[in-house]
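Structure at a glance
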Amino acid sequence: MRAALVVAVLAVAALAAAEDRVRLTLDDALALVRRQSPDALVAALRERAAHGDLTAAHALPNPTLSLGAGNFALGHTNPRGLSAGDTVAGQAGLAEEIPLWGKRGARIASAAGREAEAAAERADVERQLVFAARSRFLDLLVAGERLRLAHESLDRYRDTLRVSEARAKNGDIAPAELDKLSLEQRGFEREVADAEVDRRQSVAALLPLLGLDATDVEAVGELSPPPAPAEGEGLVADALARRPDLRAAERAAEAADAALRLARAERWPNPTVGVQYTHSEFLVSGDLRDQIGASVSVLLPVLDRHWGPIERAEAEALIARRELDKLRLTIPQEVRAAVAGYAIARGRVQRFEEAFLRQARDARRAAEVSYREGAVSLLEFLEAERADIQTARDHLDALHDAQLAAFEITRAAALEVSP
């Protein structure tokens, strides 16, 4: 009974683990990163916050309501014997600050620029997230392929070890040589363990980016050389027209210019106009029972002329312009560097697929056959085995670099990525 319970618990645990393993294609990963990546959600909330600032910039100042009562006697009244109800005077007033011409428009323009900047920054966050998701998905694909190659090499080496054990029994090889061959297996087992660790690290890097809580990911896709990109200078023009970070910098410069206009306008304080109604019961003194009046108040810009905020706004406007100029110089170089990197990586992949892989594979097979027949030494066979394994790894690295370079072109030129 106890054994059956243990088996049932293990089966349920295995089923839960299987459900926690997510199977994803690259398109699935891109859809997830756009929909629920924490960074994407934060960027959307920042845009919403900027819209709140724009709403506040459109609002007019609230009026001020004032109520008061006075003319209460302290000591004897004149004439004597008057009560508080005979002398009291009540006031009610309403005052409104009037923004001077140009202030509200500059404030709205600055807030609108910041909202447009936040929207462009949100698009740029998506551009960067798409690149990160593609590169990390690629890392997981490569790590899975390296793990497969490590298992394949280990299985092949175990077959060789079994053949060697048979040869040792027949006296074809010395026991010491067989011991060396057995010890060499530890290296293949370590490579399997290292490949598994690399794969787990790739999973750990991908899942938080996608906003996904799972124990494991099975990446579904192929490692193949990406197609050649378009002509370089055409990509430069595309990048200058599409890059959201460039649009964000342009909107930031416009918002900074509007903030500078607002800072200069703030040198002149807004006037406050008011109207006041007074009701007095002190008629014996000659007061009017009901009175109405008006007022205008203005701060005098004598001690504080607002030079500090103006100086800051001027510096921030210049900074925004310099950042924009820098980005316009940087983007073409990013695109050209990405195109050059792709050409180098693609050429490396072609050399592996046209010659290196076949040569290493043929050399290993020939050495394996010769070793089983006793025509070559153990050292020669192991060298051919290691060369074949290393060539396969280098080919994976070349494929990774070529695809990553293609992804970099897409990011640098802000090309559309489906889905």
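As shown above, the structure is provided for reference.
It should be emphasised that the depicted structure is a prediction, and the values quoted were computed from it without experimental measurement.

**Overview of the packing of helix H5 (residues 103-169) against helix H8 (residues 244-265)**
One way to put it is that H5 packs onto H8 with a least axis distance of 7 Å and a crossing angle of 160 degrees. Viewed along their axes, H5 and H8 adopt a mutual orientation that is roughly antiparallel. For H5 against H8, the interelement crossing comes out left-handed. Classifying every residue of the contact of H5 with H8 by side-chain character gives 14 nonpolar, two polar and eleven charged.

**Describing the side chain of Glu385**
Tracing the chain through its elements places Glu385 in helix H10 (residues 378-413). Of the polar contacts made by the side chain of Glu385, one reaches the side chain of Arg156; its length is 3.3 Å. With near-sequence residues (within four places) excluded, Glu385 lies in contact with Ser153, Arg156, Phe188 and Arg364.

**With respect to the environment of Pro38**
Following the sequence through the fold, Pro38 ends up in helix H3 (residues 38-58). On a C-alpha basis, the gap between Pro38 and Ala387 in space is 44 Å, while along the polypeptide they are 349 residues apart. If sequence neighbours within four positions are ignored, Pro38 has contacts with Pro208, Leu209 and Gly211.

**What about H3?**
In a regular helix each residue adds 1.5 Å, so 21 residues correspond to 30 Å; H3 covers 31 Å between its end C-alpha atoms and thus fits that length. Among all positions in H3, only Ala40, Ala43, Ala50, Leu54 and Ala57 are buried. Take H3 and look down its axis: the buried residues cluster within an arc of 85 degrees, on one side only. Of the exposed residues in H3, those oriented more than 90 degrees away from the buried face are Leu45, Arg48 and Ala56. Looking at the buried positions of H3, the neighbouring elements they touch are helix H2 (26-36) and H5.

**Considering the pattern of salt bridges**
Scanning the model with the defined rule gives 33 salt bridges in all. In this structure, Asp397 engages Arg146 in a salt bridge whose closest nitrogen and oxygen atoms are separated by 2.0 Å. With Asp397 in helix H10 and Arg146 in helix H5, this pair connects stretches of sequence that are 251 residues apart. Judged by relative accessible area, Asp397 falls into the partly exposed class, the value being 25%. Classification of Arg146 as partly exposed rests on a relative accessible area of 31%. Bridged by salt links that share partners, the residues Glu145, Arg148, Glu152, Arg156, Arg364, Glu385 and Asp388 form one connected network.

Cut-off values and rules
- Residues numbered from 1 in each chain as written.
- Predicted model: local features only at pLDDT ≥ 70, side-chain atom pairs only at ≥ 80, totals over all residues.
- Heavy atoms only, no water.
- Axes fitted to C-alpha atoms, helices over the stretch in contact; angles between N-to-C directions.
- Helix = DSSP H or I, 4+ residues; strand = E, 2+ residues; numbered from the N terminus.
- Parallel < 35°, antiparallel > 145°, perpendicular 65-115°, else oblique.
- Left-handed = near helix turned anticlockwise from the far one by under 90°.
- Nonpolar A, V, L, I, M, F, W, Y, C, P; charged D, E, K, R; others polar.
- Polar contact = N/O pair within 3.5 Å; in protein donor to acceptor, adjacent residues only side chain to side chain.
- Contact = heavy atoms within 4.5 Å.
- Expected span 1.5 Å × (residues − 1).
- Buried < 20%, exposed > 50% of the residue type's maximum accessible area, 1.4 Å probe, protein only.
- Arc of directions from axis to C-beta.
- Salt bridge = Lys/Arg side-chain N within 4 Å of Asp/Glu carboxyl O.

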